[in-house]
Amino acid sequence: TPSRLLKATHSRDLVAGGVITLVDPYVHQVSNLQEPSRDLITLHVYSPPLLQMDTFSLTDGHVGEFRPSVYDHEAGSGI
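Only a predicted model underlies this, so the values are computations on that prediction, with no experimental measurement involved. Each chain has its residues counted from 1, following the order in which its sequence is written. Selection of residues for local features in this predicted model requires a pLDDT of at least 70, selection of side-chain atom pairs for listing and counting requires 80 or more, and totals for whole chains, interfaces and linings are taken over all residues. Each side-chain value is derived from all of the structure's non-hydrogen atoms; neither hydrogens nor water enter the calculation.

1. Examining the overall build of the chain
Then, number 1: Labels follow the DSSP assignment, with helices taken as runs of H or I lasting at least four residues and strands as runs of E lasting at least two, numbered in each case from the N terminus. Looking only at helices and strands, the chain has zero helices and four strands in total.
Then, number 2: Put simply, the chain runs from its N terminus to its C terminus through helices and strands in the order β-β-β-β.
Then, number 3: Residue exposure (1.4 Å probe, protein chains only): buried if accessible area is under 20% of the type maximum, exposed if over 50%, otherwise partly exposed. Out of the 79 residues belonging to the chain, those deemed buried represent 1%.
Then, number 4: When contacts within the chain are restricted to residue pairs at least 6 apart in sequence, long-range pairs at least 24 apart make up 24% of them.
Then, number 5: If you sum the accessible surface of the chain, you get close to 7,800 Å²; carbon and sulfur atoms cover 56% of it. Contacts are residue-level and defined by heavy atoms, with any inter-residue pair within 4.5 Å sufficient. Accessibility throughout is a Shrake-Rupley quantity obtained with a 1.4 Å probe, and a residue counts as covered only by protein chains that appear here.

Right, dumping it as structure tokens:
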């Protein structure tokens, strides 16, 4: 958008244990709109692994960058 802010185009409710798969690069937001006593746990699996991703804000135009740490199985440590 001209203001550099993101705008939601649709939303989806998932039931407990629900699974969603995406094959294209999507910008997404995960929210827990249940009562405060109901926890939300998400698992995101990327294949091939992400080397970096952009981060966005719904309240300002800043685009950040996130680089997940990579685990070196041979060295036994993060690199």
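There's more to say after this.
2. Considering the environment of T42
Then, number 1: In this structure, T42 sits in the segment before β1 (53-55).
Then, number 2: With relative accessibility at 42%, the residue T42 sits in the partly exposed group.
Then, number 3: Separated by 23 residues in the primary sequence, T42 and V19 have C-alpha atoms spaced 9.7 Å apart.
Then, number 4: Polar contacts, as counted here, are pairs of nitrogen or oxygen atoms within 3.5 Å of one another; within protein the pair requires one atom able to donate a hydrogen and one able to accept it, and residues that are adjacent in sequence qualify only if both atoms are side-chain atoms. For T42, the side chain forms a polar contact with the side chain of H44, separated by 3.3 Å.

3. Section: the confidence of the model for the chain
Then, number 1: Residues of the chain with pLDDT of at least 70 account for 78%, and the chain-wide mean is 75.
Then, number 2: pLDDT: the predictor's confidence for each residue, scored from 0 to 100. Confidence, read as mean pLDDT per element, is least for strand β4 (residues 77-78) in the chain (50) and greatest for β1 (79).

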